[in-house]
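These are the residues of each chain, in order.
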Amino acid sequence: MRAIARAQPNIALIKYWGKRDSQRNLPAVGSISVTLDELYTTMAVALDGALDHDELEVNGRAAQSMLPRVSRCLDSVLGGDRLRARVTSESNFPIAAGLASSASSFAALVVAAAAAGGRETTVDELAGLAGRASGSAARSLYGGFVELRNDADGIDVATILDGEAWPMRVVAAVTSRAPKPVSSGDAMEISRRTSPFYSRWIEEQDMDLATARDAIAVRDFGKLASIAEHNCLKMHSVMWASRPPVVYWNAATLACLERVRELQAQGAAAFFTIDAGPQVKVICLPEDETRVIDALSNTDGVETVLVSGIGPGAARVNGD
Ligand code: PMV
């Protein structure tokens, strides 16, 4: 009746932005990501007949505001007539600040909940359930380079290349720890309703996915760098042109982009990507990791730098 699971956040190289079905939380576009390694969320779920409501503790504190989403996710895995649960979550990186903590949290939650309830499930099924809670969480069920395809009646997620087959490092520059002003779900809806660029964004996504898939298949770093930066800036352009505008960046976000351009001019194999927050994630080959860390750590406004390789999908911890 108790299980513990661990999941890593993932960073999208070709982004998910926009929903085609907000009831079922289905994305309007496919996406490609890398699952991280050293950053993770550990989630314990204990089902307890003595409880009359769910309880949630995040990093040692009661987290009432996040409880409804967690309870809905538990219902989707175990059914509405399940036992109530005590859920404890610990992340070793800042949460709710654009570092994909909702992806690692819900990926770990579905694995721990299914195990605690003794439910036989497939990884595909768990990915679908995690995706209902947070679209990007579906990708954290898988390790390495992961593609989420939008298919007729849902999503289909799979590893397209193992992390060991093309080792890379991800250096995340944290420029603010403040919670985001607008949730990604609300911001997607604002974009869909008001951005003049939204329909073009949707139209071009299959092309960007194909380019990235090809680049990954032949390990062409330059091609992957170019399409990932383009796709990221296009997503943010959709947001900037929305009404009201959605701007997650701060001055340090832009300073980090300039640093990456300088590194590229000096021959470093590195590119940036930015999600629904002001942090800048730089993906680089292992031989360039030290200079990327040095450059970002010495950029005005960067509070800290977190580093990770590419890692595995969500899993139970020690059979617990
Ligand atoms: O999974 P959500 O609802 O937090 O949305 C994630 C959106 C982005 O992080 C901006 C892009 C992505 O594909 O992860």
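Residues numbered from 1 in each chain as written. Predicted model: local features only at pLDDT ≥ 70, side-chain atom pairs only at ≥ 80, totals over all residues. Heavy atoms only, no water.

Caption draft 1: Local environment of the site of the ligand. Not every one of the 14 residues close to the ligand is listed here, only the nearest: Tyr-16, Ser-134, Ser-136, Arg-139 and Ser-184. Here Gly-135 contributes a backbone N or O atom positioned 3.4 Å from an oxygen atom of the ligand. Ser-136 is positioned with one of its side-chain polar atoms (N or O) 2.6 Å from an oxygen atom of the ligand. Isolated, the ligand exposes 380 Å² of accessible area, and the fraction of that covered by the protein chains is 90%. Across the shell around the ligand, the residue classes tally to six nonpolar, five polar and three charged. Three or more residues apiece are contributed to the shell around the ligand by two domains, here domain 1 (2-164) and domain 2 (167-308). (Near = heavy atom within 4 Å. Polar contact = N/O pair within 3.5 Å; in protein donor to acceptor, adjacent residues only side chain to side chain. Areas by Shrake-Rupley, 256 points an atom, 1.4 Å probe, with all protein chains shown as cover. Nonpolar A, V, L, I, M, F, W, Y, C, P; charged D, E, K, R; others polar. Domains from an automatic or database assignment.)

Caption draft 2: How the structure looks around the nonpolar core. Core analysis: the biggest nonpolar cluster contains 41 residues, and Val-45, Leu-74, Val-87, Leu-109, Val-110 and Leu-141 have the highest contact counts within it. Elements with a contribution of two residues or more to this core: strand E1 (2-7), strand E6 (41-47), strand E7 (55-58), helix H1 (67-78), strand E9 (85-91), helix H2 (101-116), helix H3 (123-133) and strand E10 (145-151). The residues contacting Leu-141, other than those within four sequence positions of it, are Ala-107, Val-110, Val-111, Val-123, Leu-126, Ala-127, Ala-130, Gly-313 and Ala-314. The next biggest cluster of nonpolar side chains, apart from the first, holds 33 residues, and it includes Tyr-198, Trp-201, Val-246 and Cys-256. (Core = buried A, V, L, I, M, F, W, Y, C linked by side-chain atoms within 4.5 Å. Buried < 20%, exposed > 50% of the residue type's maximum accessible area, 1.4 Å probe, protein only. Helix = DSSP H or I, 4+ residues; strand = E, 2+ residues; numbered from the N terminus. Contact = heavy atoms within 4.5 Å.)

Caption draft 3: Representation of H3 in the model. Listing the buried residues of H3 in full gives Leu-126, Ala-127, Leu-129, Ala-130, Gly-131 and Ala-133. Elements that come into contact with the buried residues of H3 comprise H1, H2 and strand E11 (154-161).

Caption draft 4: Up close: the sheet that holds strand E16 (residues 315-316). In space, the six strands of this open sheet follow the order E8-E7-E9-E6-E1-E16, with mixed pairing throughout. If you trace the sheet from one side to the other, it starts and ends with strand E8 (61-62) and E16, each paired once. As paired strands, E6 and E9 are joined by seven bridges and run antiparallel to one another. Note that in E9 the partner of Thr-42 across the bridge is Glu-90. (Pairing = 2+ DSSP bridges.)

Caption draft 5: Quick peek at the sheet that holds E10. Taking strand neighbours across the sheet as the criterion, the four strands line up as E2-E5-E10-E11 in an open arrangement whose pairing is antiparallel. Looking at which strands have only one partner, the edges of the open sheet turn out to be strand E2 (10-14) and E11. In this sheet, neighbouring strand axes are inclined to one another by 30° on average, regardless of whether the strands run parallel or antiparallel. Across four bridges, E2 lies against strand E5 (residues 31-35) in antiparallel orientation. Counted as the bridge partner of Ala-12 is Ser-33 from E5. Each of E2, E5, E10 and E11 touches helix H5 (residues 198-217); the most contacted strand, E5, lies at about 40° to it. Most of the contacts of helix H6 (residues 221-240) go to E2, to which it runs at about 95°, and overall it touches E2 and E10. (Axes fitted to C-alpha atoms, helices over the stretch in contact; angles between N-to-C directions.)

Caption draft 6: Here's a closer look at the pairing of E10. With four bridges joining them, E5 and E10 adopt antiparallel strand pairing. Bridge pairing in E10 links Ser-31 to Leu-148. Both E10 and E11 contribute to a ladder of seven bridges, which runs antiparallel. Residue pairing across strands places Glu-147 opposite Ala-158, the latter belonging to E11. Hairpin geometry of E10 and E11 is characterised by an intervening segment of two residues between the two adjacent antiparallel strands.

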